[in-house]
Amino acid sequence: MTRYDYKGNSTAAKRTFGRNFLLSTVAATALLALTVPAQAANDANKNAVFGVINILTPAFNKNSASQTVTFNNKSIEVRTTATSTTTRTSSGSSTTSAANGTPATANSDTMLLVKVDGKVIHDGRIGNVRGSTLKGLLDAVGLEPTKSANAVATQSVRAATNVTTQTISNRISSFLAKTLRGPKQAAEITLGQGMSGGDGDRKIGVWSNFNHNWLSNDNTNKVSTGRLVSGTAGIDYMVSDQFLFGIALSGENTYIDTTYNNGTKDSTGFGITPYFGAKFLDGKLIYDFMFGYGRLGNAQTELDRLIEYSYGTTRWTSATNLNYTFTSGNASFTPGIGLNFATEDMPALTDSAGFERPQSRTFVGDIKFGAKAAYDWNAFEFYTSHYYFYDAVPWFSNNSHKGDSTGELVSSVGIDWSVTDRITGTIEGSYTFLNEKVGNTGIAAALRVAF
């Protein structure tokens, strides 16, 4: 998968965006890097100043005392000058030297001048630079990083929600669809995608599922790549031939390189989801419903980890699906419709640079429709599914973190293998189509046992 960065390893448009962003933040990152105590070692201060500025080589020259760049038609000037020093010779006379107009040896007493279109943002010692100076600089050039901090939240929440809800729904509907094909298949696939029973005596089923998804986003101001790793385990009970109840526990980790702000986002958490399944019309019509709660810990960085902040979020999810199965011999065709919803709240906080980040809510709402086709061959079932997820958020909310398009098509292919009359395994691959800007490629494996 291609990784886009500020060096221009992508299209011309991405190169332009990356360079402009660096131009706008180089002085800011330099200032933030300078927020060290006055007693810090001189070499550390020098590296903090010129190391960050040198990112823009050759636009900036670390050996020059004065540097100027332009961003958004605004001139950003960064100048360092050594303070004047007075020394007394052995003969008793004094000499004074100054480095004005020459490269400064950066330490806590080095003078730093930062201007934007002639407006002074900082004029004083390097040791006095604080986060408020960084904020003033970004405000002066028209950047508001707090607005883009959660730009990828919608994609990551949608991916995690769809993985969990689709996994549970598949566990329910696949088994009930198979029971239509006669006692042999029902006995062979006793737990069938996570459902219990099959022979009437095995009422309890346990199952587990592992997913790995590769995520990408090419939208302007949201350019990022990452991965989602998740696992789900559940147990369910057939209270009758028609109704099933179960509960699933899930864990996930999402790591995203947020190239748009030269940072990262790392989220880890768990979820608990009770679910219900029912079949009607002799098992041809299958309905499921689930409602889940999750808690996640999040850590984000920006500007090469010069800005850091962490927070906890609460996620609520719900989903419902209705499927109807047609069968002919060993083949089946199951069209279906469904709804997926999720909300995740980010609390108000202040990051390491002093930026105040307001409370925000990510809302995901998808209308799902499509079909699954399958064919049984001995102990194997080969299947493919294609579901379109339509972004329904504009119908329900004016939330600022809306999806990046009106929808996407998720296509999957997989194999079910009935290892014994009690154990079944699945392997599946999926790919997202009809969304040029957002990518999601996944693999999944499942194991099911009936008791």
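Residues numbered from 1 in each chain as written. Predicted model: local features only at pLDDT ≥ 70, side-chain atom pairs only at ≥ 80, totals over all residues. Heavy atoms only, no water.

**What about the overall build of the protein chain?**
Then, number 1: The helix and strand tally for the protein chain stands at seven helices and 21 strands.
Then, number 2: Within the protein chain, the proportion of its 451 residues that are buried is 52%.
Then, number 3: By element, 56% of the accessible surface of the protein chain is carried by carbon and sulfur atoms, the whole surface being about 20100 Å². (Helix = DSSP H or I, 4+ residues; strand = E, 2+ residues; numbered from the N terminus. Buried < 20%, exposed > 50% of the residue type's maximum accessible area, 1.4 Å probe, protein only. Areas by Shrake-Rupley, 256 points an atom, 1.4 Å probe, with all protein chains shown as cover.)

**Regarding the packing of aromatic side chains**
Then, number 1: One pass over the full model with this rule turns up twelve aromatic pairs.
Then, number 2: Pairwise contacts between aromatic rings join W377, F380, F382 and W417 into one cluster.
Then, number 3: Positioned above the aromatic ring of W207, the side-chain terminus of R171 is 6.0 Å from the ring centre.
Then, number 4: We note K372 situated over the ring of Y383; from NZ or CZ to the ring centre the distance is 4.4 Å. (Phe/Tyr/Trp six-rings, centres within 6.5 Å; stacked < 30°, edge-to-face > 60°. Lys NZ or Arg CZ within 6 Å of the ring centre and 35° of its normal.)

**Notes on the pairing of strand 7 (residues 204-217)**
Then, number 1: As paired strands, strand 7 and strand 8 (residues 224-238) are joined by 14 bridges and run antiparallel to one another. Counterpart to I204 in the pairing with strand 8 is Y237.
Then, number 2: Relative to strand 21 (residues 438-450), strand 7 is paired through 13 bridges, and the arrangement is antiparallel. Directly across from H212, in strand 21, lies its bridge partner I443. (Pairing = 2+ DSSP bridges.)

**Regarding the confidence of the model for the protein chain**
Then, number 1: On average, residues of the protein chain score 74 in pLDDT, and 64% of them are at 70 or above.
Then, number 2: Contacts of residues 85-102 to residues separated by more than four positions or lying in other chains number 23 contacts, the stretch itself having pLDDT below 50.
Then, number 3: For the stretch residues 399-403, pLDDT sits under 50, and the model shows 17 contacts to residues farther than four places along the chain or on other chains. (pLDDT = per-residue confidence, 0-100. Contact = heavy atoms within 4.5 Å.)

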